[in-house]
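For reference, the chains in residue letters:
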Amino acid sequence: MLAELFAVMAPVLAGAGLGYLWVRLGHPYPVDFITRLVFNIGTPALVLASLSGANIDANSFGQMMFATTLVILTMGAASFVVAKLLRRSWRVLLAPMMYPNTGNMGLPVVLYAFGSAGFAYGITVMVTVSLFQFTLGAVLNSNGSPTKTLLKTPTVYAILISMALLLTDTSLPPWLANTVDLMSGFTVPLMLITLGVSLASIQVKSLRSGIGFSLVRIPLAAGAAWLIAGWVGLPPLAQSILVLQMCMPVAVFNYLFAQRAQREPAYVASLVFCSTLLALVYLPILLAFLM
């Protein structure tokens, strides 16, 4: 079991560690360019490549999206209680509670832990979280029209195409499938490297508050995901992946949103940093139960 857990975590540590060391050694890293590349090309290609060739039907896809939505809303409701407990504004804690790092960290862990069979479920969770982030997140942070944001998001079109393929039981033409598969190949490695770069760039002022938040959020997320997955009737594999994905550390995007809205960005930075470091401790334990 230890060997299996190490095999899962090693690529994640290596990728993030590479990004962290790259910046610490003084080398330039174009975060904005890489983020746009991954967001506009890599992620849509990854969604298409994973869902179009996955052993998952439209019903399972919709069921997983529905369960993920319920967990996100539950965590949003719980943020009001957690805010009182930690004596913070609910507006500051809402996004960190609702949006875990299902992309940069979640997808690699799901891939190496559950393989291609579970990766489609991991993609589904990531897609659902992203849709909430760039719609509800845009509204709460006054970041333009959520409708315009959605229409400018290539991943949305990748989802619609994938759904059409799933509903009609159709495959991509070989030339397009090969192209999409090739383009999706750089996404996960760049996600991990960018995660390491982001951690190296974040200045943390309060370790205690970041650790305290994580110790409250993780059990809540695990419990909510497990109960909701059982209530919705997800199969065991999907249930495990939903729990794993929703227990990922706070997404880096939350720090960027907090900085843009000027809602205690230094505090949110500590949540991102501390939750990611703690993930290296609790994720192997969680995987031991889920795998």
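Notes on the structure follow. (Residues numbered from 1 in each chain as written. Predicted model: local features only at pLDDT ≥ 70, side-chain atom pairs only at ≥ 80, totals over all residues. Heavy atoms only, no water.)

## Regarding the overall build of the protein chain
Logical step 1: Each helix and strand in the protein chain was counted, giving 14 helices and zero strands.
Logical step 2: Contacts in the protein chain between residues at least 24 apart in sequence constitute 83% of all its contacts with a sequence separation of at least 6.
Logical step 3: Carbon and sulfur atoms form 68% of the exposed surface of the protein chain, whose accessible area is close to 13300 Å². (Helix = DSSP H or I, 4+ residues; strand = E, 2+ residues; numbered from the N terminus. Contact = heavy atoms within 4.5 Å. Areas by Shrake-Rupley, 256 points an atom, 1.4 Å probe, with all protein chains shown as cover.)

## Topic: the environment of Thr-35
Logical step 1: The residue Thr-35 is located in helix H2 (residues 31–52) in this model.
Logical step 2: Taking C-alpha positions, Thr-35 is 8.7 Å from Leu-190, a pair spaced 155 residues apart along the chain.
Logical step 3: Other than its neighbours up to four places away in sequence, Thr-35 contacts Thr-194 and Phe-253.

## Overview of the environment of Val-180
Logical step 1: Relative to the elements of secondary structure, Val-180 occurs in helix H9 (residues 174–184).
Logical step 2: Every residue in contact with Val-180, bar those within four places of it in the chain, is listed here: Ala-45, Leu-48 and Ala-49.

## A look at helix H5 (residues 106–133)
Count 3.6 residues to each turn of an α-helix, and residues three or four apart come out pointing the same way.
Logical step 1: Under the 1.5 Å per step criterion, the end-to-end length of H5 is only 16 Å for 28 residues, more than 12% shorter than the ideal 40 Å.
Logical step 2: The sharpest bend along H5 comes to roughly 140 degrees, located at Gly-115.
Logical step 3: Summarising burial for H5: 21 of the 28 residues are buried, a large majority. (Expected span 1.5 Å × (residues − 1). Bend = angle between axes of the 7 residues up to and from the residue. Buried < 20%, exposed > 50% of the residue type's maximum accessible area, 1.4 Å probe, protein only.)

## Here's the deal with the side chain of Ser-214
Logical step 1: By the secondary structure assignment, Ser-214 is in helix H11 (residues 207–232).
Logical step 2: The class of Ser-214 is buried, set by a relative accessible area of 3%.
Logical step 3: Contact partners of Ser-214, with chain neighbours within four places excluded, come to Pro-219, Cys-274, Ser-275 and Leu-278.

## A word on unusual backbone geometry
Logical step 1: Within the chain, Arg-87 stands out as a residue other than glycine whose phi angle is a positive 60 degrees.
Logical step 2: Position of Arg-87 among the secondary structure elements: in the loop between helix H3 (58–86) and helix H4 (90–98).
Logical step 3: Arg-87 sits in the exposed class, given a relative accessible area of 79%.

## Points about the pattern of salt bridges
Logical step 1: Per the stated rule, a full pass over the model turns up one salt bridge.
Logical step 2: The salt bridge involving Asp-32 is made with Arg-36; its shortest N-O contact spans 3.1 Å. One end of the pair is Asp-32 and the other is Arg-36, both in helix H2 and four residues apart, which spans about a single turn. (Salt bridge = Lys/Arg side-chain N within 4 Å of Asp/Glu carboxyl O.)

## A look at the packing of H4 against helix H14 (residues 265–290)
Helix-helix packing: each pair is described by the crossing angle between the helix axes and the interaxial distance.
Logical step 1: Look at H4 against H14: their axes get within 11 Å of each other, and the N-to-C directions meet at 25 degrees. Relative to H14, H4 is oriented roughly parallel. Where H4 crosses over H14, the handedness of that crossing is right-handed. The segment H4 lies against H14, with Val-92, Leu-93 and Pro-96 engaging Tyr-267, Val-268 and Leu-271. (Axes fitted to C-alpha atoms, helices over the stretch in contact; angles between N-to-C directions. Parallel < 35°, antiparallel > 145°, perpendicular 65-115°, else oblique. Left-handed = near helix turned anticlockwise from the far one by under 90°.)

## Examining a nonpolar patch on the surface
Logical step 1: A contiguous nonpolar surface patch, about 600 Å² in accessible area, is contributed by Leu-13, Leu-277, Leu-280, Val-281, Ile-285 and Phe-289.
Logical step 2: Following the sequence through the fold, Leu-13 ends up in helix H1 (residues 2–24).
Logical step 3: Given the relative accessible area of 41%, Leu-13 is considered partly exposed. (Patch = residues over 30% accessible without salt bridge, like charges linked within 9 Å, V, L, I, M, F, W, Y side chains within 5 Å.)

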